[in-house]
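Chains, contacts and geometry: an overview
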Amino acid sequence: MACINLNLDVDVNNCLSGLRASLPVLGRPKSGIQKLEKEMARLRGERDDIKNQIDQADRQGKIPTNKVSQWLREVEELEAQVAAINQDFQSMSCFSCNCFNQTGGTSGQTQQAGDQVPIRESSNCCSINRRAKEKLGKANELMSQTDALDPITTVGPPEPTMMLSISHRSPVGIESYVEGIVSYIDGGEGNIISIYGMGGVGKTTMLKRIQRHYHHNHAIFDRVIWVVASKDCQLKKLQIDIARSLNLYTLEENDDEQICGVKLCSFLKNKNCLLLLDDIWERLDLQLLGMAHSGTEQGQQQHQQPRKVVVFTTRSETVCAQMKAEKKFKVRCLDSEQAWQLFVQNSDGDVLGSDPGIMFVAKELVQECAGLPLALVTVARAMSGRRSWEAWNDALHQIRDKHEWTTIALPEDSVMYKAFKLSYDNLENDSVRECLLCCTLWPEDYEIDKLSELIPCWIGCGIIHEYNVINEAFAKGYSHLEALGAASLLEKCDSDKVVKMHDVIRDMALLLISGLEGNKRKWIVKAGIRLSDLPRQEEWQEAERASFIWNQITSLQEYEASTFPKLSMLILHGNKNLKTIPSSLFASMPRLTYLDLSDCYITELPMMIGTLTELQYLNLSKNPITRLPLEFGCLGKLEYLLLRATCLKIVPNGTISNLSMLKWLDIRQTPLVPEWWWDELKCFKGRHQLSVGININATTGSIDRLNMLSPNVSIWELTLDGNYISELSNDDMGTPQWGCRVSDNLEYLNIMHLVLDRLILAAGVGRESSFGCLKRLQFCFLKLLKEISLNRVRLYNLREVVFRECHELKDVSWVLQLPCLKFLEINYCEKMKELISEVGNSNSISSSSSSSSIQRLILCGMLNLNRIANIPLHFPYLEYIAVYECPRFQKLPFGAEILNNKLKMIKGEKNWWNNLKWDDESIKDSLTPCFRSYDDDF
């Protein structure tokens, strides 16, 4: 049997000293909170004194120095973090205090896809003590800086060294609009500006260009805020989104709209603000969004008051009037020359020039698109790869065929629907087409997580069904994503972990769904619109799929048996106040095959779940559910069971092991694997290979138990957690043998909370690594770890490596041995001075220049980092680099050659960017359009 040794050389003295050091934080959270509050009171006093000096200097025409502004921002952020710790301490309950709730996520506050308010880490005593201690250190640090903050003001802002062209790589046809809007804003003539026009005409693109312009030109606005409204959006959601963009944490979920508006106005009252509102459908009260024009209301001269400017996009000219827009810009479709230019930019030029007949048909297709940019791009991408005149001519006939459109009542933008339908029909197969339609189940403008939301949905729906292990299903899912992206039917986002559907494409897909077989209630999608109750029964009684994602549903009504005879899918994900499921619900849906109840607050399942005899996919993740009922064993067709981040403690014997059709079991981030889980996995009698995601104690004994699992059980994701190891002498991670059931199909490996100073990933003598599927490797909270190295391990498919809070780690030179590494993230490894080093590393790199395959590089909280490598290191594939809280990192690791590469974005603090050192200042000028500040992130 092929296997691999993982040598984790542990210094016992270091282990025990680390354990002794950790003991004091296990108790007395109140004492730590009191110390923190005392220091915060001192800090607030200093902050208030400095603000008073700033206000006095402001009346003399002076402004704060960048150093003081940065200090005030850090105090503001620390206040919010301390408030969160206090709130968690006050609200600690048995559930929230459970140490099992700790996960491998980022420390402090994290944000999950689709959340409307920040979600904090677990609220147990150990966590609160640790967080309070960290913030006390930060408060002490900020207090120590106060003596060096004089003088606190300067005469005025420095003159910019250059004026950026707002038309940098501007899309076709929008330059004149953007220039006109910018000129109007700079002229100070009005404060409410509208951009209106039909869907897909380029309004959002213009708004993004305006945002980018003022992002780099700081002379006018202190804050540039971007929020997306979308159809059916509620005012409260917009208020929370604005607060999040401002890092303002005082808005509470139970605050009403008036209170939220007062808090926003109070925060923004002395700031010059530009609010960019995308895609509004009805009048919004701008004062409740914090944009009160106080000068006008009080009869004073407007220029004496901080300026509040709003630019919004809408499809309706009526909305422009309702919003009292002082200047309206109607965006018209492209003229014939611009339309052809845009089409060519998104087509295969070799194909267009290969045949005069294709060129002629292409121009006819462009005419059919009527100058609508989104339609032009959609059709151009749909025809990519079509090399015969016959294929092009057939597309032209399809888009012109009136009979094709008689079955559907086309909207005003029928051009867009025809373009969408052509692209939809040209997708390679029905599976990809069905994948696209599934994307409409999420809210408008929602960024859908590929790994945890979208691909599991495709698998659970049965779209992806022919595979042996779950790895193959996910590979097929990523292939479908690539096809949809290439056709411009799904959009990329800043994070490559999520995708988004253009709101117009989503409208067209829903229109297509409503026209299928003439059944307009086949699917019901009410996602992200803050519903408090389910729709009336008659509205969805005949539906086949129902999505109520991210609403505020608190309870479900009782229904009679077979009320929803056709319903096969029900999604209630993200209804965080939904605590109970009525016993009659499941009996009302006898044909249900897909049920998603994740991220609610369900504590118990009714026994009637056993009536769902057709159920194949069940997602209960992120619920405080503690037990499964005995009737759970009746789900004989269940193939996918997701129980990630639950509190399960009781599962009847044989419940899981007897689910003969089970293919995927996800029990990650649950409390430590108790004996019954081992018994269920060891006795599994399924007909298929079962892929499992699981957290286990980081001991050789636990790994040995994994190796002894049933032959038809394999591990898909594994977390080795040393946080709960009580007897270190019995849990030496010396040389565990990784059997094929663990390593052969393992895609994600997380190693966390181990007390060791050196970690060697090693293969035994004469052996090769069997980790052929490993894609992501993560090291978290290894606080004594100084060195990681590889020894004869072949990680050829490893794509992502993440380090988090490995405070003593010296370098990560070994990552250069990973030929397919695309993503590298390093957080809070304070001792690291350089990423790639030859010093003391057996895997040192050669002295000649090297090249890295990394596409995305994220560095955060690296207080001593001053360079990437001690030799020239090239990044020919780098697309994205983010740097945050790395004060000594003052020079980017590339020169002029980066201008010819793929770099698209540099993200960091404004002060960091402004203080970077360059061998050639012209490189900075060229890269400035790629820079985005964390301060103005939207």
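Coordinates for the structure precede this section.
Scope of this entry: the structure provided in the associated data block. Every residue gets a number counted from 1 within its own chain, in the order that chain's sequence is written. The predicted origin of the model limits local features to residues at a pLDDT of at least 70 and limits the giving and counting of side-chain atom pairs to 80 or more, whereas totals for whole chains, interfaces and linings rest on all residues. In computing side-chain properties, one takes all heavy atoms of the structure into account and sets aside hydrogens as well as water.

**So, the sheet that holds strand β11 (residues 448–449)**
Pairing between the strands of a sheet comes from backbone hydrogen bonds, and it takes one of two forms, parallel or antiparallel. Rules: Strands were regarded as paired on the criterion that DSSP finds at least two bridges between them. Helix and strand definitions follow DSSP, with helices as H or I runs of at least four residues and strands as E runs of at least two, each counted in order from the N terminus.
Judged by pairing direction, the sheet is antiparallel, and its three strands sit side by side in the order β11-β13-β12 without closing on themselves. Strand pairing shows two members of the sheet lacking a second neighbour, β11 and β12 (491–492), which therefore form its edges.

**Observations concerning the packing of aromatic side chains**
Definition in use: Two aromatic rings from Phe, Tyr or Trp, using only the six-membered ring of Trp, form a pair when their centres are within 6.5 Å; if the ring planes differ by under 30 degrees the pair is stacked, by over 60 it is edge-to-face, and anything between is tilted. Accessibility here uses a 1.4 Å probe with only protein chains present; expressed as a share of the type maximum, an area under 20% marks a residue as buried, one over 50% as exposed, and anything in between as partly exposed. Counted as over-ring charges are cases with an Arg CZ or a Lys NZ within 6 Å of the ring centre that also lie within 35 degrees of the ring normal.
Considering all chains together, one arrives at 21 aromatic pairs under this definition. Each ring, one from F779 and one from F803, has its centre 5.3 Å from the other, and the planes form 15°; the classification is stacked. Of this pair, F779 sits in strand β26 (residues 776–780) while F803 sits in strand β28 (residues 800–804), and the two are 24 residues apart along the sequence. A single burial state applies to F779 and to F803, both of which are buried. When the ring centre of W340 is taken as reference, the NZ or CZ atom of K363 above it lies at 5.5 Å.

**What to know about the packing of helix α12 (residues 336–345) against helix α14 (residues 356–368)**
Two measures define how a pair of helices packs: the angle their axes make with one another and the distance between the axes. So the rule is basically this: Between N-to-C directions, angles span 0 to 180 degrees; the directions come from axes that are lines fitted to C-alpha atoms, helices contributing only their stretch in contact. The cut-offs work like this: below 35 degrees is roughly parallel, past 145 is roughly antiparallel, 65 to 115 is roughly perpendicular, and the gaps in between are oblique. Helix crossings get a hand from a simple test, with the near helix turned counterclockwise from the far one by less than a right angle marking a left-handed crossing and a clockwise turn marking a right-handed one. The contact definition used throughout considers only heavy atoms, calling two residues in contact when any of these lie within 4.5 Å. All residues other than Ala, Val, Leu, Ile, Met, Phe, Trp, Tyr, Cys, Pro, Asp, Glu, Lys and Arg, Gly among them, are scored as polar; the first ten of these are nonpolar and the last four charged.
In contact at an axis separation of 10 Å, α12 and α14 are set at 120° when each is read in the N-to-C sense. One finds that α12 runs oblique with respect to α14. Here α12 and α14 pass one another in a crossing that is right-handed. Along its contact with α12, which presents A339, W340 and F343, the element α14 presents M359, A362, K363 and V366. Split by residue class, the contact of α12 with α14 holds six nonpolar, no polar and one charged.

**Remarks on α14**
Filter applied, for reference: For a helix, the expected span equals 1.5 Å multiplied by the number of residues minus one. Polar contact is the term for a pair of N or O atoms within 3.5 Å; when the atoms are in protein, one must be able to donate a hydrogen and the other to accept it, and sequence-neighboring residues count only if both atoms are side-chain atoms.
Counted at 1.5 Å a residue, the expected span for α14 with its 13 residues is 18 Å, and the 19 Å between its end C-alpha atoms agrees. Of the positions making up α14, those classed as buried are I358, V361, A362, E364, L365 and V366. Where α14 begins, the side chain of D355 points an oxygen toward the backbone nitrogen of G357, at a separation of 2.7 Å. One or two positions beyond α14, positive phi appears at A370, with a value near 55°.

**Looking at unusual backbone geometry**
The backbone of S230 shows a phi angle near 75°, a positive value even though the residue is not glycine. For S230, the position within the fold is in the loop between β7 (223–228) and α8 (235–245). Using a relative accessible area of 8% as the deciding quantity, one classes S230 as buried. Residues other than glycine seldom take positive phi values, yet D445 does so here, at roughly 65°. Tracing the backbone shows D445 in the loop between α18 (430–438) and β11.

**Description of a positive patch on the surface**
Heads up, the rule is: Patches were defined on residues exceeding 30% relative accessible area and lacking a salt bridge, with like-charge contacts within 9 Å and nonpolar side-chain contacts (Val, Leu, Ile, Met, Phe, Trp, Tyr) within 5 Å. In these tables, accessible area is a Shrake-Rupley quantity obtained with a 1.4 Å probe, and a residue counts as shielded only by the protein chains included in the view. By convention in these notes, a salt bridge is any Lys or Arg side-chain nitrogen within 4 Å of a carboxyl oxygen on Asp or Glu. Under this rule, positive means Lys or Arg and negative means Asp or Glu; His and the chain ends count for nothing. Charge positions come from single atoms, namely NZ of Lys, CZ of Arg, CG of Asp or CD of Glu.
A cluster of basic residues, K786, K810, K833 and R888, forms a positive patch at the surface. Structurally, K833 can be placed in the loop between β29 (823–827) and β30 (834–836). For K833, a relative accessible area of 53% gives the class exposed.

**Observations concerning the sheet that holds β7**
Ordered by their spatial adjacency, five strands build an open sheet running β7-β8-β9-β6-β10, and the pairing between neighbours is parallel. Bordering the open sheet on either side are β7 and β10 (327–330), each of which pairs with just one other strand. Recorded for the sheet is a direction-independent mean angle of 15° between the axes of neighbouring strands. Note that strand β6 (residues 192–196) and β10 share four bridges and pair parallel. By the bridge assignment, I195 is partnered in β10 with F329.

**A short note on the pattern of salt bridges**
Under the counting rule described, the total for this entry stands at 35 salt bridges. With a shortest N-O distance of 3.0 Å, E434 and R545 are connected by a salt bridge. Of this pair, E434 sits in helix α18 while R545 sits in strand β15 (residues 545–547), placing them 111 residues apart in sequence. The class of R545 is buried, set by a relative accessible area of 12%.

**What about the pairing of strand β24 (residues 748–752)?**
In terms of burial, β24 is a largely internal element, five of the five residues being buried. Of the two faces of β24, the one holding Y748, N750 and M752 and the one holding L749 and I751 are both buried throughout. The pairing of strand β22 (residues 713–721) with β24 spans five bridges and is parallel. The partner of L720 across the bridge, within β24, is I751. Note: β24 against β26, five bridges, orientation parallel. Bridge assignment links N750 to a residue of β26, and that residue is Q778.

**Observations concerning empty space enclosed by the protein**
The test is simple: A 1.4 Å probe that fits but cannot get out identifies a cavity on a 1 Å grid over protein atoms alone, an open set with protein on both sides within 12 Å along at least five of seven lines counts as a pocket, and a residue lines either if it has an atom within 4 Å of a point. Grid points are joined across faces, edges and corners, and a volume is the space filled by probe spheres set on the points.
Summed over all chains, the structure comprises three cavities of 30 Å³ or more. By volume, the second largest cavity amounts to about 50 Å³. In terms of lining, the second largest cavity is formed by V815, L816, L824, L835, I836, S852, I854, I868, L873 and F875. Looking at the lining of the second largest cavity, its residues break down into nine nonpolar, one polar and no charged.

**A word on the pairing of strand β20 (residues 664–667)**
Neither face of β20 is exposed, since W664 and D666 on one face and L665 and I667 on the opposite face are all buried. Across three bridges, strand β19 (residues 640–642) lies against β20 in parallel orientation. Opposite L641, over in β20, you have L665 as the bridge partner. Pairing between β20 and strand β21 (residues 690–697): four bridges, direction parallel. Opposite D666, over in β21, you have G693 as the bridge partner.

**Points about the packing of helix α15 (residues 373–382) against helix α17 (residues 414–425)**
Between α15 and α17, whose axes approach to 9 Å, the crossing angle comes to 15°. When the axis of α15 is compared with that of α17, the two are roughly parallel. Seen from above, α15 lies across α17 with left-handed handedness. Along its contact with α15, which presents L374, A375, T378, V379 and A382, the element α17 presents V415, M416, A419, F420, L422 and S423.

**Structural notes on α15**
By the criterion of burial, α15 is predominantly enclosed, with nine of the ten residues buried. By the burial criterion, the buried members of α15 are P373, L374, A375, L376, V377, T378, V379, A380 and A382. Buried residues in α15 make contact with α12, α14, α16 (389–400), α17 and α21 (503–515).

**Some details on the side chain of K203**
With respect to the element layout, K203 can be found in helix α7 (residues 203–216). It turns out K203 is buried and unbridged, and the closest side chain with the opposite charge, D279, is 6.3 Å from it. Of the polar contacts made by the side chain of K203, one reaches the backbone oxygen of G197; its length is 3.1 Å. Once residues lying within four places of it in the same chain are set aside, the contact partners of K203 are I195, Y196, G197, M198, T313, T314, R315 and V331.

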